[in-house]
Every structure is written in C-alpha cells, then in structure tokens.
Amino acid sequence: MTRRKRTLSGIKPTGQPHLGNYLGMLKPALALQATHDTHYFIADYHALTTEHDPRVLRESSYELVATFAALGMDFDAHTFFRQSDVAEVTELAWILSCVTSMGLLERAHAFKDKRARNEEITHGLFSYPVLMAADILIYDADEVPVGQDQKQHLEMTRDIAQRFNHIFGETFVIPEARIEEAVATVPGLDGRKMSKSYGNQIPLFCTEQQLRKAVMRVVTDSRGVEEPKDPDTCNVFQIFRHFAPPARQAEWAARYRAGGMGYGEIKQATFEAINAEIQGYRARYFAIRDDTAALDAILAKGASKARVVAREVLRRARHRVGFA
Ligand code: TYM
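Residues numbered from 1 in each chain as written. Predicted model: local features only at pLDDT ≥ 70, side-chain atom pairs only at ≥ 80, totals over all residues. Heavy atoms only, no water.

Chemist: How should the overall build of the chain be read in this particular structure?
Modeler: Helix and strand counts for the chain come out as 14 helices and five strands. Projected onto its principal axes, the C-alpha positions of the chain cover 75 × 45 × 45 Å. The buried share among the 324 residues of the chain stands at 51%. Restricting the contact set of the chain to residue pairs at least 6 apart, pairs at least 24 apart contribute 78%. Within the structure as shown, the chain displays about 15200 Å² of accessible surface, and the carbon and sulfur contribution to it stands at 51%. Taking the average location of the 42 positive side-chain charges in the chain and that of its 41 negative ones, the two points are 1 Å from each other. (Helix = DSSP H or I, 4+ residues; strand = E, 2+ residues; numbered from the N terminus. Buried < 20%, exposed > 50% of the residue type's maximum accessible area, 1.4 Å probe, protein only. Contact = heavy atoms within 4.5 Å. Areas by Shrake-Rupley, 256 points an atom, 1.4 Å probe, with all protein chains shown as cover. Lys, Arg positive; Asp, Glu negative; His and termini not counted. Charge placed at Lys NZ, Arg CZ, Asp CG, Glu CD.)

Structure representation (structure tokens):
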C-alpha cells in the first residue's frame, strides 16, 4: 500500500480565529482528513514574534484546540499538537538558518512591511520563515494547506529545502502549497484582507448576536436602495459568496444589479448563511472550550505523536550535516 500523502499546517494563537482563517485554512485543511495523513498545529513559537502577553498566548491556544475539536479534527487518526511541545523544531530551524541567505529573508513581505513602517523588528520576526520551513520539513509534509498570504513562505520553504538537499544530499521532502483558489483571501469589514492585525475580523465563534452585529458593520458604499449595485466590488457579497450555493449567489447578484435592494438585506442574508453553516460547530466549541483538562489531554496525546516523526527527521538532518 502506498502511504497517504501528508499535509501539515499551523495557525497562530494570537486571539480568536476568524472567518478568514476558517475559509482559507481550517475548513479545507480539515476536509483533507478523509484522504490525507494530516498534521495541524498551534504555532505558538511564531505567535511569540508579536504577542508578549502570556495570558493571551495560553487562552488563544486553548481556543484553537477547542476550535479544531469543534470543526471535527479526529485526534486519534490524525496529529494535532502545539508547536512548542516539540522543541526539536527549533534545532532544525538553527540548522536550516545556516543554509539560508539573508537576501532571501530580506525579501519576506512581513519583514519588508514592518521595515517600511519603521517598526521594531526582532530577530525572531526576521527569521520567522526559517522556523516555518523547519515546521514543514520536520514532518516530511507533502502538501501545506494555507491561505494566499502564506504563499511566499511556502516558496521560501522550498528554496531552503532544495538548498539543504543540494549541499548535503536528499534529506527533505519538497512540499507544495495547497491554496484554495476559490477562497484566496477573505476580505474583512473594511475590504482589506481579514486579519487580526487590522482589527477588521469577523470571529468564527462568538454569540449569534455578536456575529450579526459584526456582519452589519461590513463597510459598503453609499448607494441608495433604488440604485443598481456591483456585487463584485461589494465587501458583503465577497463574504456572502463563501457561504451560499451558486444558485443563491446568482440570485443575489441579479438583485444587486437590478437596484431596489438595500445593503441591510444582503447583510441579513449573509449573517443567516454564515450562521447556518457554523451554528452546529459553535455549540460544540462552547461545550468544550472551558474543559481545560480535556484540552490538555488532546495536546499531550498530539505532542507525543508529533515528537516521534520530528525526532526521526531531525536525526536524519543531524546525521547529514555531520553531528552524529
Ligand atoms: P495565521 O495564524 O496568520 O493564519 C492561519 C491560516 O489562515 C489563513 N488566513 C486567511 N486565509 C484567507 N483569507 C484571510 N483573510 C486569511 N487570514 C488568514 C492563513 O493563510 C493561514 O493559512 N505563518 C502562519 C502559521 C504557520 C504555518 C507554519 C502555516 C507557522 N508555521 C507551517 C503552515 C505551515 C500564519 O501566520 O498563519
């Protein structure tokens, strides 16, 4: 029997996950459980590059365990863990950093954006892509389901892996990014990429009232009810389309173009569509969220499974470079 392809992905515990995380990564990644051997993790080492409040890191990590549980991660058949529970990855990051050029890292969007804004840049932020390469390579991942914004990181991972393999001989699997083209980048309330750092997110799990309120805050233009409108440039429609089947999307797009439809109506329809999809998950989320003993048990099991793979790959890399 051929081995199932292995997927791996991570998400930072820097506050509640939002609809961008859900559509860009969580939903497609969890669907791959049916066909792949999946490895998903809480990227808390990466979160530390920006989050220096230990309570936020701890609470957000629990929120993520509960989120994966609610969305149907099978913790027995697959592997779910906290990045910092498998410290081997930091050793591999060091090894990889010794074959990674400064020039490569200087091209990273996150680094360039911060530098352009004259913000303080820590060494951790600068070397973020190296740790991310280590995350992926240490689990021999074939495919990495991510949103569009992670594409450059995946290209860097491939570059770093190829460089290492070229110098030391075939060691690492060269991974592929797996980006849901139909989703690409989910816009936030103001039309920019939905992101916690812009404060424009719609949380995945909050009360129904909070969800409705958030959807009502999506920014629209000032066209009056009677005027024809453009669904393709409307932030509300760009969220709606992810939660509505094609026939309903076409129906609402026609109503936009015909005029006579107010933005309040499509916002209400969008809220209802999101709510219909996530209400079952939300109930499961709130049922487990405060059971920290159960969440800790999930993490402990995942850590021991992940360590087995990580140690083996690290051993291979250490041997290649001449450590043992
Ligand atoms: P993070 O925590 O920023 O986001 C987690 C996932 O959500 C996706 N995403 C989006 N997708 C579509 N539209 C949006 N508005 C949107 N916002 C976020 C992201 O693309 C991501 O897939 N560097 C990673 C974490 C990480 C990682 C890894 C991922 C660390 N190591 C190894 C893959 C493999 C990050 O910051 O994701």
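Chemist: What exactly am I supposed to notice about the environment of Arg316 here?
Modeler: If you trace the backbone, Arg316 turns up in helix α14 (residues 292–321). It is 9.1 Å that separates the C-alpha atoms of Arg316 and Phe172, two residues lying 144 residues apart in sequence. For Arg316, the contacting residues outside a window of four places in its chain are Asp140 and Thr171.

Chemist: How do you make sense of the nonpolar core when you look at a structure like this?
Modeler: Considering soluble globular proteins, one finds that nonpolar side chains tend to be buried as a cluster. Judged by nonpolar contacts, the single largest core of 57 residues is most densely connected at Phe68, Phe80, Ile202 and Ile266. If you list the elements that add at least two residues to this core, you get α1 (19–31), β2 (37–42), α3 (54–70), α10 (208–216), α11 (235–240), α12 (246–258), α13 (263–288) and α14. No other element matches α13, which puts nine residues into this core. Counting the residues that make up this core, at least three belong to each of domain 1 (6–185 + 291–321) and domain 2 (208–286). In contact with Phe68, other than residues within four places in its own chain, are Ile11, Met25, Leu26, Leu30, Tyr40, Met73, Phe75 and Phe80. Residues Ala43, Leu105, Phe126 and Ala134 belong to the second largest nonpolar core, which totals 42 residues. (Core = buried A, V, L, I, M, F, W, Y, C linked by side-chain atoms within 4.5 Å. Domains from an automatic or database assignment.)

Chemist: For this particular structure, what's the right way to read the site of the ligand?
Modeler: As a matter of local geometry, the ligand sits amid 27 residues, with Lys12, Tyr128, Asp135, Asp149 and Val186 nearest to it. Separating a nitrogen atom of the ligand from a side-chain N or O atom of Asp135 is a distance of 2.7 Å. The contact in question runs from an oxygen atom of the ligand to an N or O atom on the side chain of Asp149, over 2.3 Å. Protein chains bury 96% of the 730 Å² of accessible surface belonging to the ligand in isolation. Most atoms of the ligand, that is more than half of them, are within 2 Å of grid points of the largest pocket. Contributions of two or more residues to the shell around the ligand are made by β1 (6–11), α1, α8 (128–137) and β4 (143–146). (Near = heavy atom within 4 Å. Polar contact = N/O pair within 3.5 Å; in protein donor to acceptor, adjacent residues only side chain to side chain. 1 Å grid on protein atoms, 1.4 Å probe; cavity = no way out; pocket = protein on both sides within 12 Å on 5 of 7 lines; lining within 4 Å. Sits in = over half its atoms within 2 Å of the grid points.)

Chemist: What should I look at first to understand the environment of Gln83 in this one?
Modeler: Relative to the assigned elements, Gln83 resides in the loop between β3 (79–82) and α4 (88–97). Separated by 147 residues in the primary sequence, Gln83 and Asp230 place their C-alpha atoms 43 Å from one another. At a separation of 2.9 Å, a polar atom in the side chain of Gln83 contacts the main-chain amide nitrogen of Tyr45. Within the structure, the side chain of Gln83 is placed 3.2 Å from the side chain of His46, a separation counted as a polar contact.

Chemist: What's the story with the pattern of salt bridges in this structure? I'm lost.
Modeler: Oppositely charged side chains can pair when the atoms bearing their charge come close. On inspection of all chains with the given rule, the structure shows 23 salt bridges. Of the charged contacts, one joins Arg55 and Asp53 as a salt bridge, the two residues approaching to 3.2 Å between their closest N and O atoms. On the basis of relative accessibility, which here comes to 23%, the residue Asp53 falls in the partly exposed class. The residue Glu88 makes a salt bridge to Arg311 at a minimum N-O spacing of 2.8 Å. With a gap of 223 residues between them, Glu88 in helix α4 and Arg311 in helix α14 connect regions that are remote in the sequence. Residue classification places Glu88 among the buried residues on the basis of a relative accessible area of 15%. Among the charged side chains, a network of salt bridges with common partners joins Lys5, Glu143 and Arg178. (Salt bridge = Lys/Arg side-chain N within 4 Å of Asp/Glu carboxyl O.)

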